[in-house]
Amino acid sequence: MGNDTAVTQRQRLGWFLLVILLLLRIPYTIAIIYILPIENQNGAAVYELGTYLLMALLIWWEREQLNEFHLDSSALFLIICFRPLQTLILSYWHVDSPLAFPRPLGLALWVISIGLLTALIRSGFTPSRFSYRASLWLFIGLLAGAGLSITEERQSFWSTLNHGDSSQAGLTPVLFSTTLNLLYHLGFAPINEEPLFRGFLWGYLRQLKWKEIVIWLFQAVLFTSAHLYLIEQFPWMFWVFVPLAGLLFGLLTWRCRSIAPAMLAHALVNGSVYLLIAVLILQILK
């Protein structure tokens, strides 16, 4: 009886943190996009910092059963390392963002990252071993992200193939800028959204005995609703590509039992990897 009560209390706190994360991602972000001017980044900074803090707390709270939430060693590495790395990239780009290093909110992301890593190590936490199967799924995630990126930006992709610069001088800046863009995006939306929708939400719903196929569809609906701000300016993206992405990222997670492949796919889509692929094809064909 005592153990059952402890489990219930653990789940209650987990659900409490999860609900706050969902409120931050869906109504809060939609509200600030419609209310605040695009130049005002303070509202977005509150979302990003709050989300990372709550995510770190959830990881710590569920550290003994992270596999139930699709958080393996690869996913933890991406979450802990690439979120603070984004602050350095913002600084390098000279972006006037509250999260750029070494501004206070940017430093706060470093504190959360280092604090989570330190707390996990001191607790004796042992991450799952990286396996051949995990590396294979990471590669599948890269292919899936590249394919979705090309599909979403097919017109720009073919335009680059037909009119792009195939010289080595044209390749180098594209290679550098696209790589930096991918690293930036790997520390952005995938860390905010994959542990939320395909990680903790999925795991807690599975604990409630939901069928996996229902969870797969439900998380895609919630993921799509979180992008409601696209509906007016980019209706095709909202009605087609965002739901498709939610289903694809969910399928990768479902089959792999890790959010890491979906995080890579998500970064490649948001980071416009289609441009790099087009330029590399031009190099091969010239």
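Residues numbered from 1 in each chain as written. Predicted model: local features only at pLDDT ≥ 70, side-chain atom pairs only at ≥ 80, totals over all residues. Heavy atoms only, no water.

**Q** Any details on the overall build of the protein? Residues and values, ideally.
**A** Within the protein, the secondary structure is distributed over twelve helices and zero strands. Ordered by position from N to C terminus, the α and β elements of the protein give α-α-α-α-α-α-α-α-α-α-α-α. The C-alpha radius of gyration of the protein comes to 19 Å, within 12% of the 19 Å expected for a compact globule of 286 residues. Overall size of the protein, expressed as C-alpha extent along the three principal axes, is 70 × 40 × 40 Å. Looking at the protein residue by residue over its 286 residues, the buried ones come to 48%. Of the contacts formed within the protein by residues at least 6 apart in sequence, a portion of 79% connects residues at least 24 apart. Of the roughly 14500 Å² of accessible surface on the protein, 69% is carried by carbon and sulfur atoms. Measuring between centres, the 17 positive side-chain charges of the protein sit 9 Å from its 15 negative side-chain charges. (Helix = DSSP H or I, 4+ residues; strand = E, 2+ residues; numbered from the N terminus. Rg over C-alpha atoms; globule rule 2.2 N^0.38 Å. Buried < 20%, exposed > 50% of the residue type's maximum accessible area, 1.4 Å probe, protein only. Contact = heavy atoms within 4.5 Å. Areas by Shrake-Rupley, 256 points an atom, 1.4 Å probe, with all protein chains shown as cover. Lys, Arg positive; Asp, Glu negative; His and termini not counted. Charge placed at Lys NZ, Arg CZ, Asp CG, Glu CD.)

**Q** Provide a residue-level description of a nonpolar patch on the surface, including the pertinent values.
**A** Among the surface-exposed residues, Leu208, Trp210, Ile213, Val214, Leu217 and Phe218 lie close enough to one another that they form a single nonpolar patch of about 510 Å² accessible area. Looking at Leu208, the relative accessible area reads 49%, which means it is partly exposed. (Patch = residues over 30% accessible without salt bridge, like charges linked within 9 Å, V, L, I, M, F, W, Y side chains within 5 Å. Salt bridge = Lys/Arg side-chain N within 4 Å of Asp/Glu carboxyl O.)

**Q** Describe the packing of helix H8 (residues 189-207) against helix H9 (residues 212-225), listing the residues and the values that go with them.
**A** Between two packed helices, what matters for the description is the angle formed by their axes and the separation of those axes. Two elements in contact, H8 and H9, have axes separated by 10 Å at closest approach and are oriented at 145°. The chirality of how H8 crosses H9 is right-handed. Seen from H8, the contacting residues are Glu193, Phe197, Arg198, Leu201, Trp202, Leu205 and Arg206; seen from H9, they are Glu212, Ile215, Trp216, Phe218, Gln219, Leu222 and Phe223. By residue class, the composition of the contact of H8 with H9 is nine nonpolar, one polar and four charged. (Axes fitted to C-alpha atoms, helices over the stretch in contact; angles between N-to-C directions. Left-handed = near helix turned anticlockwise from the far one by under 90°. Nonpolar A, V, L, I, M, F, W, Y, C, P; charged D, E, K, R; others polar.)

**Q** For the state of the cysteines, give the residues involved together with the corresponding values.
**A** Joining two cysteines, a disulfide is a covalent bond between their sulfur atoms. Taken as a whole, this structure holds zero disulfides when the rule is applied. There is no disulfide at Cys81, and the cysteine sulfur nearest it, in Cys256, is 18 Å away. Residue classification places Cys256 among the buried positions, given a relative accessible area of 7%. (Disulfide = S-S within 2.5 Å.)

**Q** Describe H9, with residues and values.
**A** Its 14 residues give H9 an end-to-end C-alpha distance of 20 Å, which sits within 8% of 20 Å, the value for a rise of 1.5 Å per residue. Those residues of H9 lying buried are Glu212, Ile215, Trp216, Gln219, Ala220, Leu222, Phe223 and Thr224. (Expected span 1.5 Å × (residues − 1).)

**Q** Describe in detail the nonpolar core, supporting the description with residues and values.
**A** In terms of nonpolar packing, the biggest core is built from 70 residues, with Ile59, Leu71, Ile79, Phe197 and Phe200 touching the most fellow members. The greatest single-element share of this core, amounting to nine residues, is contributed by helix H2 (residues 42-61). Once you skip the residues sitting within four places of it in the chain, Ile79 turns out to touch Tyr52, Ile59, Leu71, Ile191, Pro195, Ile259 and Met263. (Core = buried A, V, L, I, M, F, W, Y, C linked by side-chain atoms within 4.5 Å.)

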